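Survey of secondary and tertiary structure
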Amino acid sequence: MTITSTRVIMPQIIVIVSTITSSRRNFKFLGSINSGGVFVMSFKPSQVLEVSLSQDPSKRIDKALCDAVPEKYSLSRSRIKRLIEIGCVVSSDNGLVATSKTKTVPLSNWDITLSSIETINMEPENIPIQIVYEDNHLIVINKSVGMVVHPAPGSPNGTLVNALMYHFGSELSAIGGKKRPGIVHRIDKDTSGLLVIAKSDVAHAGLAAQFEAHTVSRHYTAFCYGIISILNPRLKSLHEASFESSNLLRISGNIARHRFNRKKMAIYSNIGRSAVTRAKTEVFYGKIASKLDCWLETGRTHQIRAHLAHIGHGLIGDPVYGNRRKLKTKNLNEVEETFLGNFKRQALHARTLSFEHPVTKQLVSFTSDLPEDLQQLEKILKKID
């Protein structure tokens, strides 16, 4: 089944729009429920704790994580449980956001985000969101650029979760009797595209199982610097890169956090978690850039961004991995030059999303057009070709 209609939820109205087509240190954790019934959390400086479960972990995710965290971090099970409740525990194996019902997998890997000193306020907010598909069990969202999926350090509000709570409220999947936003997976703030949200607990469990089993198909459109070619001697020399056909590149390199920049991922040969990205070239723009169809065998943090940067073909506009490379502007007018100069986000769009509907068991597939900024970038690339 391919879904093509789109609904946009705007403040106070519903509009039908055009179709979408095919570090680490000791810390203290504080939390409370305020007078309005809103869960409020305060933390000390932001850290990301990387944890691997044991060969025989507890069936409860909070207990399994508590057993795996070194004693020096003084992280109790109740604190881990609260971090899970606000979406601060994410699988670094497949991007799954943990819930209290998440099944544990031996030797699986998890990132626990320990927030900075600020409040995370889980309040509903009247923010426009674009709905690609909705039924009684799930919602598919076309996330806009700049929207954070879940409240977190530096983004305590204005997120997709705040919007979902306003527009759907008690319709979202519930955990432990409380309203829960139903987030099953994430994409980066400045990556646009498709996300699936669970409305029922049955859907949440079914979708989570598919993400854990790597059976969800996700394709991304990416614009990178340079030409990815089987004739490129540099790519031939890289152990992590190999061609499965003349224009299908396979990148396999372990991903772990950068040794010095904890907000960045890096490729290593002897540490980190295995990761495989495939990239098929769709369009060459001379020798300047390429348009790629990328898909993931695994789902590590920043996987496409880090892998492409490692082989010397970072995403255009990527502020973290782009190495400040610039495109030539010889054939461009002033407006186009200004656009390129102000293009500060990774040129990456989650274009397709396919999975088995957790209730009907039918295969469903969704496709999203490129957003306006990437359409404009594509026009410029064709012009400077």
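All of these numbers come straight from a predicted model, not from anything done at the bench. (Residues numbered from 1 in each chain as written. Predicted model: local features only at pLDDT ≥ 70, side-chain atom pairs only at ≥ 80, totals over all residues. Heavy atoms only, no water.)

Secondary structure assignment for the protein yields eight helices and 23 strands. Taking all 385 residues of the protein together, 53% fall into the buried category. Accessible area of the protein: about 17700 Å², with a carbon and sulfur share of 50%. (Helix = DSSP H or I, 4+ residues; strand = E, 2+ residues; numbered from the N terminus. Buried < 20%, exposed > 50% of the residue type's maximum accessible area, 1.4 Å probe, protein only. Areas by Shrake-Rupley, 256 points an atom, 1.4 Å probe, with all protein chains shown as cover.)

Formed by 40 residues in total, the largest nonpolar core has its most connected members in Ile129, Leu164, Leu308 and Ile311. With six residues, the single largest contributor to this core is helix H3 (residues 160-168). Residues contacting Ile311, with those up to four places away along its chain left out, are Ile228, Arg234, Leu235, Leu238, Ala241, Leu249 and Ile251. (Core = buried A, V, L, I, M, F, W, Y, C linked by side-chain atoms within 4.5 Å. Contact = heavy atoms within 4.5 Å.)

So, about the pattern of salt bridges. Within this structure, the stated rule accounts for 19 salt bridges. One salt bridge connects Lys291 with Glu378, and the closest N-O pair in it is separated by 3.0 Å. In this pair, Lys291 is assigned in strand S21 (residues 289-296) and Glu378 in helix H8 (residues 372-384), connecting sequence segments 87 residues apart. In this structure, Lys383 and Glu336 form a salt bridge, with 2.9 Å as the shortest nitrogen-oxygen distance. (Salt bridge = Lys/Arg side-chain N within 4 Å of Asp/Glu carboxyl O.)

So, on to unusual backbone geometry. Positive phi outside glycine occurs at His302, with the angle close to 55°. Using a relative accessible area of 16% as the deciding quantity, one classes His302 as buried. Notably, Lys361 is not glycine yet its phi reads approximately 70°, a positive angle. Within the secondary structure layout, Lys361 lies in the loop between strand S22 (348-356) and strand S23 (363-367). On the basis of relative accessible area, Lys361 is assigned to the exposed category, the value being 51%.

Our next topic: the packing of helix H1 (residues 61-68) against helix H2 (residues 77-85). Viewed as axis vectors pointing N to C, H1 and H2 meet at an angle of 125°, and their least axial separation amounts to 9 Å. The orientation of H1 relative to H2 falls into the category oblique. In this structure, H1 meets H2 at a crossing whose hand is right-handed. Two secondary-structure elements touch here, H1 through Ile61, Asp62, Lys63, Leu65 and Cys66 and H2 through Arg77, Ile80, Lys81 and Ile84. Looking at the contact of H1 with H2 residue by residue, the class counts come to five nonpolar, no polar and four charged. (Axes fitted to C-alpha atoms, helices over the stretch in contact; angles between N-to-C directions. Parallel < 35°, antiparallel > 145°, perpendicular 65-115°, else oblique. Left-handed = near helix turned anticlockwise from the far one by under 90°. Nonpolar A, V, L, I, M, F, W, Y, C, P; charged D, E, K, R; others polar.)

With that out of the way, let us pick up the sheet that holds strand S8 (residues 109-114). With antiparallel pairing, the three strands of this open sheet are ordered in space as S6-S8-S7. Strands with a single pairing partner mark the edges of an open sheet, and in this sheet they are strand S6 (47-52) and strand S7 (89-91). Here the strands of the sheet are splayed against their neighbours by 25° on average, with no regard to which way each runs. Direction of pairing for S7 relative to S8: antiparallel, over a ladder of three bridges. Along S8, the bridge assignment pairs Val89 with Ile112. In the packing of H1 onto the sheet, the strands contacted are S6, S7 and S8, and the crossing angle to S6 comes to about 95°. (Pairing = 2+ DSSP bridges.)

Our focus in this paragraph is the packing of helix H7 (residues 334-341) against H8. The geometry of H7 relative to H8 is characterised by a closest axis approach of 11 Å and an angle of 120° between their N-to-C directions. Relative to H8, the element H7 is oriented oblique. For the element pair H7 and H8, the recorded crossing hand is left-handed. Together, Glu336, Phe339 and Leu340 of H7 and Asp373, Gln376, Leu377, Ile380 and Lys383 of H8 make up the contact between the two elements. When grouped by side-chain class, the residues that make up the contact of H7 with H8 number four nonpolar, one polar and three charged.

Turning to the environment of Asn270, a few remarks are in order. Within the secondary structure layout, Asn270 lies in the loop between strand S19 (265-268) and strand S20 (276-285). On the basis of relative accessibility, which here comes to 62%, the residue Asn270 falls in the exposed class. Between the C-alpha atom of Asn270 and that of Asn254, which follows or precedes it by 16 residues, the distance is 7.7 Å.

Counting buried positions over the nine residues of S22 gives seven, a clear majority of the element. With two bridges connecting them, strand S14 (residues 192-198) and S22 associate as parallel partners. Its bridge partner being in S22, Ser192 is matched across the sheet by His349. What sits between S22 and S23 in their antiparallel hairpin is a turn of six residues, with Lys361 showing a positive phi close to 70°.

So, about the side chain of Ser368. As for its position among the elements, Ser368 is in the loop between S23 and H8. You can call Ser368 buried: its relative accessible area is 2%. In terms of polar contacts, Ser368 uses its side chain to reach the side chain of Asn142, at 2.9 Å. (Polar contact = N/O pair within 3.5 Å; in protein donor to acceptor, adjacent residues only side chain to side chain.)

Taking 1.5 Å per residue as the helical rise, helix H4 (residues 201-212) with its 12 residues ought to reach 16 Å, and the 16 Å between its terminal C-alpha atoms agrees with that figure. Turning to H4, its buried residues are Ala203, His204, Gly206, Leu207, Ala208, Gln210 and Phe211. On its buried side, H4 packs onto S14, strand S15 (217-225) and S22. Note on H4: the residue one or two positions beyond its end, His214, has a positive phi of about 60°. (Expected span 1.5 Å × (residues − 1).)

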